[in-house]
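Geometric and topological summary
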Amino acid sequence: MSFDTLRKSNSLDKLLAQVKKDETPTTEKKSYVDERLWKPQVDKAGNGYAVIRFLPAVEGEEVPWVQVWNHAFQGPTGQWYIENSLTTIKQKDPVSEYNTQLWNSGVESDKEIARKQKRKLQYYANIYVVEDKTNPQNEGKVFLYKFGKKIFDKLMEAMQPEFDDETPINPFDFWQGANFKLKIRKVDGYWNYDKSSFDAPTKLKESDDEIEKVWKSQYALKDFLDASNFKSYDELKKRLDAVLSGTTVTKRAEQMITEDSEDIPTLKETAPKQKSIASEDDDDTLGYFEQLAKE
């Protein structure tokens, strides 16, 4: 797609069609610091603020985001399993297989362990940093941004507003999109994004020449789905066995990790306190394991 074509199309319908179709995942890069990634900063109280703009798909790609499934949990050994899931690229994954065994056992304690080890969904997208007072050197630059379901829900709400008096927008559009005010609070030890919101639609830059320069500085997302960025089944199985101490069925529950990747504490921190199974993503959890039971 040329820049001129991009200028003439506000492909909101295409994005919504992709959301309906996209029951799949995406992946993150290898375990090194990726300078392309932007992450918001919070103060000592756990509060953070920044203004970003989600950007459209790059040339040769149809959708401005990719999805990645991963697992993040602590085993009975005290070791952590934090790995991308091969289900992202539609391959068999050892944790999903193990969770299937647990779920199909019919034992409620096994099902609870499987729930805590279920896949978590992450997204990657290109963003333009409008305001970042903590790191002002980031302002006016293009980065990749990794975020979870809660922020993706904000994007969906903008594209498909709940009420009739609200006008749908394509938040990824240069000309008719809108700045996203990212507001972070610490609630029960976790980053919370509920107060984040979109401004009124506005053009990103005054001239199309400036906009095209931003577009050409964006990063391709297709690499996140390249098989070379995933560990092999055997490597993941070896790691899983180590975390579970080689057992086939674990009777001790692991600590639960919060839904969004941004909320995962650093490994130096104490594991988060256990959350209630009756959490806001219950529907997603039960749907996932109902599908496992059919496999």
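Residues numbered from 1 in each chain as written. Predicted model: local features only at pLDDT ≥ 70, side-chain atom pairs only at ≥ 80, totals over all residues. Heavy atoms only, no water.

1. With respect to the packing of helix α3 (residues 94-104) against helix α7 (residues 233-243)
This is how the line gets drawn: Convention adopted: a line fitted to C-alpha atoms gives each axis, helices being fitted over their contacting stretch, and angles between N-to-C directions are expressed from 0 to 180 degrees. Comment: elements are numbered from the N terminus, with helices defined as DSSP H or I runs of at least four residues and strands as E runs of at least two. Any angle between 65 and 115 degrees counts as roughly perpendicular, while under 35 counts as roughly parallel, over 145 as roughly antiparallel, and the rest as oblique. Should any heavy atoms of two residues lie within 4.5 Å, those residues are considered in contact. Each residue is assigned to one class: nonpolar for Ala, Val, Leu, Ile, Met, Phe, Trp, Tyr, Cys and Pro, charged for Asp, Glu, Lys and Arg, and polar for all the others, Gly among them.
Taken N-terminus to C-terminus, the directions of α3 and α7 make an angle of 55 degrees; their axes are 9 Å apart at the nearest point. In this view, α3 runs oblique relative to α7, as classed from their interaxial angle. On α7, the residues that touch P94, V95, E97 and Y98 of α3 are Y233, L236, K237 and L240. In terms of residue class, the contact of α3 with α7 is built from six nonpolar, no polar and two charged.

2. What about helix α6 (residues 208-216)?
The cut-off we apply is this: Between buried and exposed lies partly exposed: a residue is buried under 20% and exposed over 50% of the maximum accessible area for its type, with that area taken using a 1.4 Å probe on protein chains only. Here, the arc refers to the directions that run from the helix axis to the C-beta atoms.
Every buried residue of α6 is accounted for by I211, V214 and W215. Here the buried residues of α6 occupy an arc of 100 degrees about the axis, which is enough to place them on one side. Opposite its buried face, α6 presents the exposed residues D209, K213 and K216, each directed more than 90 degrees away. Taken together, the buried residues of α6 touch α1 (3-8), β5 (120-131) and β6 (142-147).

3. Focus: unusual backbone geometry
One non-glycine residue with positive phi stands out, namely K90, at about 60 degrees. Here K90 lies in the loop between β4 (80-84) and α3. The class of K90 is exposed, set by a relative accessible area of 68%. Located in the positive-phi region is D188, a residue other than glycine, with phi close to 55 degrees. Mapped onto the elements, D188 comes out in the loop between β7 (180-187) and β8 (190-192). Among the residues examined, D188 registers a relative accessible area of 62% and is labelled exposed.

4. Quick notes on the packing of α3 against helix α4 (residues 108-116)
The following threshold applies: Note on convention: the crossing is left-handed when the near helix lies turned anticlockwise from the far helix by less than a right angle, right-handed when the turn is clockwise.
It is the contact of α3 with α4, at a shortest axis distance of 7 Å, that shows an interaxial angle of 150 degrees. Between α3 and α4, the angle falls in the class roughly antiparallel. Where α3 crosses over α4, the two elements pack in a sense that is left-handed. Counting all contacts with α3, which are made through N99, L102 and W103, the residues of α4 involved are D110, K111, I113, A114 and R115. Residue composition of the contact of α3 with α4, grouped by class: four nonpolar, one polar and three charged.

5. Some thoughts on the nonpolar core
Cut-off, in case you're wondering: The nonpolar core is taken to be a set of buried Ala, Val, Leu, Ile, Met, Phe, Trp, Tyr and Cys residues, with the residues joined through side-chain atoms within 4.5 Å.
Counting 33 residues, the largest nonpolar core has W38, F54, Y145 and F147 as its most contacted members. For this core, the secondary-structure elements that each account for two or more residues are α2 (12-21), β2 (48-54), β3 (65-74), β5, β6, α5 (149-159) and β7. The greatest single-element share of this core, amounting to six residues, is contributed by α5. Discounting residues that sit within four places of it in the chain, F54 has contacts with A125, N126, I127, Y145, F147, I151, L155, P171, F172, F180 and F198. One finds L86, V95, Y98 and L102 within the second-largest nonpolar core, a separate group that totals 15 residues.

6. Some remarks on a negative patch on the surface
Stated formally: Nonpolar side chains (Val, Leu, Ile, Met, Phe, Trp, Tyr) are joined into patches within 5 Å and like charges within 9 Å, using only residues with over 30% relative accessible area and no salt bridge. For the area figures, the Shrake-Rupley method with a 1.4 Å probe applies, and any residue is considered shielded solely by the protein chains shown. Basic side-chain nitrogens of Lys or Arg form a salt bridge, by our definition, when they fall within 4 Å of a carboxyl oxygen of Asp or Glu. Charged-residue counts in this description rest on Lys and Arg as positive and Asp and Glu as negative, His and the chain ends being excluded. A charge is said to be at NZ when it belongs to Lys, at CZ for Arg, at CG for Asp and at CD for Glu.
Together, E157, E162, D164, D165 and E166 make up a negatively charged patch on the protein surface. Residue placement: E157 occurs in helix α5.

7. Topic: the pairing of β5
Applicable threshold: Strands qualify as paired when DSSP identifies two bridges or more between them.
Here β5 lies mainly inside the structure; 10 of its 12 residues are buried. Pairing of β2 with β5, which is carried by four bridges, proceeds in the antiparallel orientation. Along β5, the bridge assignment pairs V51 with E131. Two strands pair when backbone bridges link them, and β3 and β5 are joined in this way by six bridges, in the antiparallel orientation. Of the residues in β5, the one forming a bridge with W69 is L121.

8. Structural notes on the packing of aromatic side chains
What counts, and what does not: In this analysis, rings of Phe, Tyr and Trp, with Trp reduced to its six-membered ring, are considered paired at centre separations within 6.5 Å, and the interplanar angle assigns stacked below 30 degrees, edge-to-face beyond 60, and tilted for intermediate values.
Per the stated rule, a full pass over the model turns up 14 aromatic pairs. Here the aromatic rings of W65 and F172 are separated by 5.6 Å at their centres, their planes lie at 40 degrees, and the arrangement is tilted. Of this pair, W65 sits in strand β3 while F172 sits in the loop between α5 and β7, and the two are 107 residues apart along the sequence. The same class applies to W65 as to F172, namely buried.

9. Structural notes on the confidence of the model for the protein chain
Caution applies to low-pLDDT parts of the model: their predicted coordinates are not meant to be read in detail. The cut-off we apply is this: Confidence scores labelled pLDDT are given residue by residue by the predictor and lie between 0 and 100.
Looking at the protein chain, the pLDDT average stands at 82 and 78% of residues meet or exceed 70. Confidence drops under a pLDDT of 50 for residues 26-31, and excluding neighbours within four residues, the segment shows 32 contacts in the predicted structure. When the criterion is pLDDT under 50, residues 247-286 qualifies, and its contacts beyond four places in sequence or with other chains add up to 88 contacts.

10. Considering the environment of Y190
In this fold, Y190 is placed in strand β8. In this structure, the C-alpha to C-alpha distance between Y190 and G46, residues 144 residues apart in sequence, is 8.7 Å.

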